[in-house]
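# Breakdown of the fold
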Amino acid sequence: MCLLISMAAAAESAGEKKRVVVIGGGVAGSVVAKSLQFCADVVLIDEKEYFEIPWGSLRAMVEPSFAERSVINHSDYLPNVRIVASTAANITEREVLTTDGHLLVYEYLVIATGHKEAVPKTRAERLSHYEAEFVKINSAKSVLIVGGGPTGVELAGEIATDFPEKKVILVHRGSRLLEFIGLKASQKALDWLISKKVEVILDETINLNTISDPIIQTPSGEIITADCHFVCTGKPTGSSWLRGTIVQNNLDMQGRLMVDENLRVRGHKNIFAVGDITNIKEIKQGYLAQRHAEVTAKNLKLLLMGGNESKMATYKPGLDIALVSLGRNEGVAQFPLLTISGCIPGMIKSGDLYVGKTRKHLGLKP
Ligand SMILES: Cc1cc2nc3c(=O)[nH]c(=O)nc-3n(C[C@H](O)[C@H](O)[C@H](O)COP(=O)(O)OP(=O)(O)OC[C@H]3O[C@@H](n4cnc5c(N)ncnc54)[C@H](O)[C@@H]3O)c2cc1C
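Residues numbered from 1 in each chain as written. Predicted model: local features only at pLDDT ≥ 70, side-chain atom pairs only at ≥ 80, totals over all residues.

You'll find the protein chain entered in an unreviewed UniProt entry as FAD/NAD(P)-binding domain-containing protein, with Prunus persica given as the organism. As its UniProt record puts it under Function (unreviewed entry), the protein chain is described as follows: "Putative FAD-dependent oxidoreductase." (UniProt positions renumbered as here; feature names shortened; annotations may be inferred.)

## A closer look at the site of the ligand
Looking at the ligand, there are 36 residues lining it, with G24, G26, G114, G275 and G286 nearest. Breaking the shell around the ligand down by element, the ones donating at least two residues are helix 2 (27-36), strand 2 (41-46), helix 3 (57-62), helix 7 (150-162) and helix 9 (286-304). Residues from two domains meet in the shell around the ligand; each of domain 1 (9-47 + 86-117 + 235-311) and domain 2 (123-234 + 321-361) gives at least three. (Near = placed C-beta within 6 Å. Helix = DSSP H or I, 4+ residues; strand = E, 2+ residues; numbered from the N terminus. Domains from an automatic or database assignment.)

## A look at the sheet that holds strand 19 (residues 339-342)
Within the open sheet, the three strands sit side by side as 17-18-19. Their pairing is antiparallel. Each edge of the open sheet carries a strand with a single partner, namely strand 17 (322-326) and strand 19. Going across the sheet, the axis of each strand differs from the next one's by a mean of 10°, ignoring polarity. Strand direction decides the pairing type here: strand 17 and strand 18 (residues 330-334), joined by five bridges, are antiparallel. Within strand 18, the position partnered with L326 by the bridge is E330. Lying over the sheet, helix 10 (residues 343-350) contacts strand 17, strand 18 and strand 19, oriented at roughly 95° with respect to strand 18. (Pairing = 2+ DSSP bridges. Axes fitted to C-alpha atoms, helices over the stretch in contact; angles between N-to-C directions. Contact = placed C-beta atoms within 7 Å.)

## Points about the nonpolar core
In this structure, V20, V21, V22, V32, V110 and V274 are the most contacted members of the largest nonpolar core, which totals 49 residues. Among the secondary structure elements, those contributing two or more residues to this core are strand 1 (19-23), helix 2, strand 2, strand 6 (88-91), strand 9 (108-111), strand 16 (271-273) and helix 9. With seven residues, helix 9 is the largest single contributor of residues to this core. In this structure, A60, L178, C232 and A322 belong to the second largest nonpolar core, which totals 47 residues. (Core = buried A, V, L, I, M, F, W, Y, C linked by C-beta atoms within 7 Å. Buried ≥ 20, exposed ≤ 12 C-beta atoms within 10 Å, placed from the backbone.)

## A word on the environment of I277
Relative to the helices and strands, I277 is located in the loop between strand 16 and helix 9. Discounting chain neighbours no more than four positions away, the residues touching I277 are I111, A112, T113, G114, T237, G238, S239, R256 and L257.

## Let's talk about helix 6 (residues 123-138)
In this model helix 6 runs 23 Å from its N-terminal to its C-terminal C-alpha over 16 residues, within 8% of the 22 Å that 1.5 Å per residue would give. Of all the residues in helix 6, the buried ones are R123, R126, Y130, E133 and I137. Down the axis of helix 6, the buried set is contained in an arc of 70°. They therefore lie on one face. Looking at helix 6, the residues exposed on the side facing more than 90 degrees away from the buried face are A132, V135 and N138. Residues of helix 6 that are buried make contact with strand 3 (50-52), helix 3, helix 4 (67-70), strand 4 (71-73), strand 10 (142-146) and helix 7. (Expected span 1.5 Å × (residues − 1). Arc of directions from axis to C-beta.)

Printed below as a string of structure tokens:
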């Protein structure tokens with residue numbers, strides 16, 4: 001039975017500072033909470049106790065010690081924020097309710113639940129998880145990766161670079177890899193993987209319900225043999241919990257929240273949304289989620305100080321720029337007028353995978 005940890009509304013609004021509740025401690029939510037922690041009474045609700053730098057996650061599978069820097073307890077960079085490690089289940093005009101019964105009153109709300117993923121709750125469990133993934137890869141002679149989006153391609157790149165003796169098979173149901181960016185980038189990634197002897201199978205589907213190592217038969221009858229497999233088919237948008245809440249009519253067909261140019265959920269003066277959960281027309285990228293967070297933090301600072309909302313900053317959708325790493329030294333980069341692959345994109349991203357830069361952004365040692 002759900003225990004309702006209900007506190008009087010007045011007691012919830014601690015001190016004189018206004019209460020900002022941020023839901024989701026991913027790329028965008030972490031930046032909003034950090035930016036506001038000394039000018040508001042900030043509460044961060046996240047399903048887990050830590051922030052994980054997503055672009056470091058695949059390196060951590062081949063080098064588990066990498067996760068020591070890419071998995072960061074929220075309390076390490078948010079000393080002045082109350083962290084509630086729980087799942088938000090409902091919102092009203094003034095309150096957020098979590099699945100384990102916390103009821104949090106807010107003056108301003110920021111929804112940043114970009115993606116939903118079943119990951120461990122504590123940092124220690126997450127680090128052990130990476131150790132186990134490493135053991136799985138290290139002890140296999142052949143690895144099957146299901147999904148040819150950025151996660152599948154980057155994982156194939158990591159394994160092919162660190163374990164060139166292993167057979168890597170990448171199966172993708174689409175006709176090209178990296179469908180979120182342009183054809184040239186897809187082709188360059190495919191050429192690179194083939195040059196590293198990765199077997200890439202396109203237009204093929206793996207039934208995830210019946211998948212079992214070491215032999216997998218595809219619906220078209222193809223037999224794939226691999227000692228282990230990793231599913232990299234993309235994480236669902238973290239918005240299903242918003243159905244039935246006061247913002248349900250603001251969800252578009254893809255389950256994304258419709259926001260105005262100031263990043264407020266349409267029709268709600270005190271509710272903002274940031275990151276991949278928004279319906280902003282741009283490719284879903286972490287560096288853009290960070291920009292949403294910066295604009296929102298600026299707007300909230302203005303509102304918290306009693307400023308005029310006509311002075312709020314506006315957000316302009318980002319350009320179609322993306323960089324996918326291919327192992328430790330190479331990558332493929334798409335810019336508006338140019339797509340390149342090789343060691344230049346590798347120098348920009350693939351060495352440290354922006355982990356030092358992201359940590360610095362959170363006020364931590366790189
Ligand atoms: C492997 C990989 C590599 C990537 N590389 C890059 C890159 O190089 N550059 C780049 O710009 N982008 C990259 N991206 C994309 C980037 O990670 C996303 O765009 C970014 O994470 C979106 O941020 P977000 O805050 O909107 O959502 P997320 O980072 O997904 O955070 C959402 C948070 O909300 C929490 N949550 C969800 N539902 C609830 C709930 N009901 N209650 C409480 N908490 C909840 C989740 O646990 C999570 O902590 C990469 C992504 C992946 C997976």
